[in-house]
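Here are the chains, one letter per residue:
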Amino acid sequence: MNASDDAATPAYLISPSGAVAPDAPVQRALSHLRQAGFAPVLDRAALKVRQRFAGADQERAAAFGRAAVQPADIVMITRGGYGLTRILPALDFRALARAGKRWVGLSDFTAFQLAMLARARAVTWSGPALLDDFGVERFEDIDEVTLGAFREAMSGALEAVGFRCNGPAGVEARGTLWGGNLSIVCALLGTPWFPKVAGGILFVEDVNEHPYRVERMLTQLLHAGVIDRQKAVVLGYFNRYRLSENDRGFDLAAVVKWLRAQTATPIITGLPYGHASPKLTLPHGAQVALAVEGRTCYLVLEEDHRH
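Let me sum up the structure you'll find in this document. Predicted, not measured: the structure shown is a model, and the values here were computed from it.

To continue, consider helix 1 (residues 26-35). The complete set of buried residues in helix 1 reads Val26, Ala29, Leu30, His32 and Leu33. Taken down its axis, helix 1 places every buried residue within 160° of arc, on the same side. Residues of helix 1 that are buried sit in contact with strand 1 (9-14), strand 2 (38-42), strand 3 (74-77), helix 6 (130-134) and helix 7 (144-155). Looking one or two places after helix 1, you find Gly37, whose phi comes out positive at around 105°.

Time to look at the packing of helix 9 (residues 211-223) against helix 10 (residues 252-262). Packed helices, taken two at a time, are described by their axes: the angle between them and the distance between them. Running from amino to carboxyl end, helix 9 crosses helix 10 at an angle of 15°, the nearest separation of the two axes being 9 Å. Here helix 10 runs roughly parallel to helix 9, going by the angle between their axes. When the axes of helix 9 and helix 10 are compared, the crossing they make is right-handed. Note on element contacts: helix 10 touches helix 9 through Leu252, Val255, Trp258, Leu259 and Gln262, opposite Pro211, Val214, Glu215, Leu218, Thr219 and Leu222. Its residues assigned to classes, the contact of helix 9 with helix 10 shows eight nonpolar, two polar and one charged.

One open sheet accounts for six strands, arranged 2-1-3-4-5-11; its pairing is mixed. One side of each edge strand has no neighbouring strand; the edge strands of this open sheet are strand 2 and strand 11 (282-284). Each neighbouring strand pair of the sheet contributes to a mean axis angle of 30°, computed without reference to strand direction. Bridge analysis of strand 1 against strand 3 gives four bridges, and the strand direction is parallel. If you follow Tyr12 over to strand 3, its bridge partner there is Val75. Packed on one face of the sheet, helix 2 (residues 57-69) meets strand 1, strand 3 and strand 4 (102-105) and runs near 170° to strand 1. In the packing of helix 5 (residues 110-120) onto the sheet, contacts are made with strand 4, strand 5 (124-126) and strand 11, and the angle to strand 5 comes to roughly 145°.

Rules and cut-offs
- Residues numbered from 1 in each chain as written.
- Predicted model: local features only at pLDDT ≥ 70, side-chain atom pairs only at ≥ 80, totals over all residues.
- Heavy atoms only, no water.
- Buried < 20%, exposed > 50% of the residue type's maximum accessible area, 1.4 Å probe, protein only.
- Helix = DSSP H or I, 4+ residues; strand = E, 2+ residues; numbered from the N terminus.
- Arc of directions from axis to C-beta.
- Contact = heavy atoms within 4.5 Å.
- Axes fitted to C-alpha atoms, helices over the stretch in contact; angles between N-to-C directions.
- Parallel < 35°, antiparallel > 145°, perpendicular 65-115°, else oblique.
- Left-handed = near helix turned anticlockwise from the far one by under 90°.
- Nonpolar A, V, L, I, M, F, W, Y, C, P; charged D, E, K, R; others polar.
- Pairing = 2+ DSSP bridges.

So yeah, pure geometry; function would need other evidence.
If you want it as structure tokens, here you go:
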């Protein structure tokens, strides 16, 4: 499908965090997004560079305003990295929520998603990024589950997702689905942009973090009372780390075992979300129902989450 097709869905691309590398496959990723049925438009500042950032702080903040007033319903990020926490004070989250966009991203974009929930009670979408998920060599190399979940979510057809899991059997819960990148969740704890969610379903993932650092961040949330206030915690990918001889068997499985012993909140693993594929597209801030049947976990949307 070409961008000129009437059926193509407009999507606006911004770079709110790290700079896009000069050799990044931007045009290839845009072409693949067009083949997938979307009509992508790059924000005029998306490829700017200022130190490690995609432009100066004020330039990256201004991109949100431009995204809010352009005609596309979908706003995606080119990549994650670092930088969104620097510009949170400059963003008007209620105005961005009123724009009615499907804001999509992950990693550092978690900061924006948490702030949208905390300041505007707005639903955003935890999902793919342009370069990581569409920048592969061939269109056929795009993960089918990732693409299918993204299309379904963006079309408004997403009703439920299911995945293989490990954890306590027979869990049933209803609440606000929220979270994202664990490092960012912890970084916003105690700030005005951290949502005070009680009785929610917290999902977290991270990358390049050794299991002891993952445990330290989960312990922070535990000691702050966040985990005990949730109806369930769902763990996504924790990858790209290296164990050492000094660990002596201490790994991510040991972290999960320890955490389960500290809280009555069910800890469920296996969520296909984070810095790997397949990657689900999840409605951050939405009301969902969670049910574990055997070794399958289901997340069912309970309301209309077109935005």
